[in-house]
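# Overview (structure and organization)
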Amino acid sequence: MQKFLASTNRADLIEYLTHSTFDLLIIGGGATGAGIALDASSRGMKVALIDKQDFAAGTSSRSTKLIHGGLRYLKQLEIGLVREVGRERATVHHLAPHLVVSEKMLLPLIKGGTYGKFATSLGLMVYDVLAGVESADQRVMLTKEETMDREPLLKEEIVEGAGLYAEYRTDDARLTLEVIKTSSLYGSAPINYVEATDFLYENDRVTGASCKDLISGQIFDIHAVQVVSAAGPWVDELRTINKSMSEKRLHLTKGVHIVIPHEKLPVHQSVYFDVPDGRMVFAIPRGRITYVGTTDTDYKGDKENPLTNKEDVEYLVNGINNTFPSVNLTIDDVISSWAGLRPLIHEEGKSASELSRKDEIFLSDTKLLSIAGGKLTGYRKMAERVVDVVAKRLSKKLNKHYKKVFTNEIIISGGGFKDAHDVEIFKEHVFQQLKPHGFSVYDAHYLVHNYGQQTDTIIDYFFEQNELNLQGLIKAELWFGINFEMVNATMDFFSRRTGRLYFDIESVRQYKDLVIGYLAKELSWDQQRIEQENDWVQQAITLASHFPPSEKKA
C-alpha cells in the first residue's frame, strides 16, 4: 500500500480503511505499533494502523536515541531484559546501518561513583556475554591516564579510570517511520492524525474502532477481527474506554534531554557519567551539537506536550558542570530540548528510576489486546510477542495459517547496505554530488543518516528542479516527505522527518516560512490553516527552547 504513503492520497486511504475488514487494527504509531505492523503484515495479515498524532510523535521521538542494552538494568538484575535488548542491537544495526550507528561509550570511574573498577569490569564483561558482542567491540578497561587522554574535559581529580564499551546511536522517529514504511511494502495501511474515539463491538467482542480524521473532521469506522492498542502513554485511556482497567496500570515518568552547541561541550565520544544524586546520564555528540540526558521523574501532566522545566535543565547543567568543570555551562547555553514520557508498569513503592522497563500484554474480557512498557531497543521482540498472540487467535477464528516471524531478515526502508563501511562509501558518493554546489560533508552526513539509500531519490529530484542551493534541497526533502512519508503538517517535517527542531533549531526559525509555503501549495491549505501552522511552529519552538519553572515551585 505504498501509494497511500503520499499525503495527497489521504482521501483514497480513508475510503479504503472504511470499506475493508482487517485482520488486525493497531492503535498507536510509535515504535511498538510500527513493529507490530511490520511483523503482522509480513506474516500475511491484513493490517491497518492509526495514530491520533503523527507517527512517533509521542515517546518514540523523545527517547535518548540509543539502541542500547541498558547497562543499568544489569545492576537491577534484569538479566533477561539485558540479554534480549543487548542482542537486538546487532540485529537492528544490520537491518538499518545508516540509522543505527555503532558508538563507543565511555564510562568514567570516579571516587565514590555508582560503579567501582572491579564491578564495572565484571559488569561490562557480563554485558558483552549477554548481548553477544563480537570480540572487536568488547569492553576495554582504561587507566586514569588513558581515560583523561580520551576525554580531557573530565574532572581529573576524581577520575580513577574508565570502561569503554559498544552501544548504538539512532534517530528514534526516523527508525519508527522507516519500519512503518517497510510494513506498507507488505500491504499494511498506516495513517496519521486519525483518532480512535470508541470501540466497535459485536457479541461483547471488540471488532474495530470508531475513528475521526483530525485533519478533515470526517467520522468513519474501521472493522477488524483483532484490535491491538500500542498507544504508549495513552494505553490506559483506551482501556478506560473499553471498560477494562484493572489493578495493573501505567506509571508515567518524564525524561528530559537538553541540546548544547558542540563547541560548548566538545566531548570526544559519548560519555555515560555520574551526577551528584547518584543517577547516571549520557552526553552524546551529534554533528554540530551535544545532547545530554535523561532525567527520570514521575509525571501526571499533559501527555501530548510534556514540558522541559527550568528545574530539569538545571539538574542536567549542574550534572555536566560537576563532571566536566571546565565547560562552565549555564542554562543560557541550552539551545533546545525535548521531554518524553515512559509508559511503564506501576509497581507499588518503587520510584521512577526503580521501575522495570519490561513490557507487558493485557487481554480484556472483550478481547482488546494492549501492550505497555518496554524499550525502543526491544521494539521488534515486543512486536513478535504481540503478533504471536494475534496469530494464535486469528488462526483459530479464521482457520488460517500464518508464517513464523522473520522481521530479523527484513531490511528496513532506506537500508540495503552491507555494513557501516558501505554507508561511509555511499556518504562520500553523496558528498561528491553536492560539493560543487557549496554543500559540506555535514550535509551529506545528514541526508544519508536520515534517508539512507532514499537519498538518491531526493538528490535526483533536487537536480531536476535545478534550484541548487539549501532552499532547493529543503524543497526536495519536502517533496519526498509529502509523496513517500505522509507529511501532513509543518512539524511533521521539522521534528520527526528531519530532527531539525532538536538538532538545528535555528534552521526551523530560518526556513519555517519556506516550508509552510511549500506545504500550503502542495496540500491546498487555506489562509486559516496557514495561520494555524505558523502558530504550531512557534509553539514547538517555544516548548523546545523556553524552560518555565515547574508549577509546584512556581
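So, a few notes on the structure that sits alongside this text. The structure presented is a predicted model; accordingly, all values stated were derived computationally and were not measured. (Residues numbered from 1 in each chain as written. Predicted model: local features only at pLDDT ≥ 70, side-chain atom pairs only at ≥ 80, totals over all residues. Heavy atoms only, no water.)

With respect to the helices and strands, N192 occurs in strand 7 (residues 189–192). The exposure class of N192 is buried, given its relative accessible area of 0%. (Helix = DSSP H or I, 4+ residues; strand = E, 2+ residues; numbered from the N terminus. Buried < 20%, exposed > 50% of the residue type's maximum accessible area, 1.4 Å probe, protein only.)

On to the nonpolar core. Membership of the largest hydrophobic core comes to 76 residues, with the highest contact counts inside it found for L17, L25, I36, M45 and I50. Among the elements that line this core, the one with the most residues is helix 10 (residues 379–398), at 8 residues. Other than its neighbours up to four places away in sequence, I50 contacts L25, I26, I27, G28, G29, I191, V194, A196, C211 and I222. If you look at the next biggest cluster of nonpolar residues, it comprises 59 residues, including F282, F431, L473 and A544. (Core = buried A, V, L, I, M, F, W, Y, C linked by side-chain atoms within 4.5 Å. Contact = heavy atoms within 4.5 Å.)

What follows concerns the pattern of salt bridges. One pass over the structure, following the stated rule, counts 31 salt bridges. Across the salt bridge formed by E178 and R174, the nearest N and O atoms sit 2.7 Å from each other. With E178 and R174 both in helix 7 (residues 172–185), this residue pair falls 4 residues apart, about one helical turn. Here E485 and K181 are joined by a salt bridge, their closest N and O atoms 2.7 Å apart. Within this pair, whereas E485 is found in the loop between helix 14 (470–484) and helix 15 (490–497), its partner K181 is found in helix 7, the two being separated by 304 residues in sequence. (Salt bridge = Lys/Arg side-chain N within 4 Å of Asp/Glu carboxyl O.)

What follows is about the packing of helix 17 (residues 505–523) against helix 18 (residues 527–545). Interaxial distance between helix 17 and helix 18 falls to 11 Å at its minimum, and their mutual angle equals 160°. The angle between helix 17 and helix 18 falls in the class roughly antiparallel. Helix-helix and strand crossings are classified by hand; for helix 17 and helix 18 the assignment is right-handed. Of the residues in helix 18, those touching helix 17 at I505, V508, R509, K512, D513, I516 and A520 are I530, E533, N534, V537, I541, A544 and S545. Looking at side-chain class alone, the contact of helix 17 with helix 18 contains 8 nonpolar, 2 polar and 4 charged residues. (Axes fitted to C-alpha atoms, helices over the stretch in contact; angles between N-to-C directions. Parallel < 35°, antiparallel > 145°, perpendicular 65-115°, else oblique. Left-handed = near helix turned anticlockwise from the far one by under 90°. Nonpolar A, V, L, I, M, F, W, Y, C, P; charged D, E, K, R; others polar.)

Another point: the packing of aromatic side chains. Counting across every chain of the model gives 18 aromatic pairs. A centroid spacing of 5.0 Å and a plane angle of 45° characterise the contact between W338 and Y502, whose relative ring orientation is tilted. In this pair, W338 is assigned in strand 16 (residues 336–345) and Y502 in helix 16 (residues 500–503), connecting sequence segments 164 residues apart. W338 sits in the buried class, given a relative accessible area of 2%. An aromatic cluster of at least three residues, connected via ring pairs, comprises Y451, Y461, W479, F480 and F484. For K46, the ring lying beneath its charged end belongs to F22, and the centroid distance is 5.4 Å. Across the ring face of F362, the terminal group of R239 is positioned such that the distance to the ring centre comes to 4.3 Å. (Phe/Tyr/Trp six-rings, centres within 6.5 Å; stacked < 30°, edge-to-face > 60°. Lys NZ or Arg CZ within 6 Å of the ring centre and 35° of its normal.)

Another aspect to go through is a negative patch on the surface. There is a patch of like negative charges on the surface, built from E145, E146, D149, E156 and E157. Following the sequence through the fold, E156 ends up in the loop between helix 6 (144–150) and strand 6 (159–169). In this structure E156 comes out as partly exposed when scored by relative accessible area, which is 46%. (Patch = residues over 30% accessible without salt bridge, like charges linked within 9 Å, V, L, I, M, F, W, Y side chains within 5 Å. Areas by Shrake-Rupley, 256 points an atom, 1.4 Å probe, with all protein chains shown as cover. Lys, Arg positive; Asp, Glu negative; His and termini not counted. Charge placed at Lys NZ, Arg CZ, Asp CG, Glu CD.)

Time to look at the environment of T176. Mapped onto the secondary structure, T176 falls in helix 7. Residue classification places T176 among the buried residues on the basis of a relative accessible area of 3%. In this structure, the C-alpha to C-alpha distance between T176 and T32, residues 144 residues apart in sequence, is 8.4 Å. The contact partners of T176, leaving out residues within four places of it in the chain, are G29, G30, A31, A34, A56 and S60.

This brings us to the environment of V92. Secondary-structure assignment places V92 in helix 4 (residues 79–95). According to the relative accessible area criterion, V92 is buried, its value standing at 0%. A C-alpha to C-alpha distance of 9.8 Å links V92 and Y379, two positions 287 residues apart in sequence. Sequence-distant contacts of V92, that is, excluding residues within four places in its chain, are made with V100, L175 and Y379.

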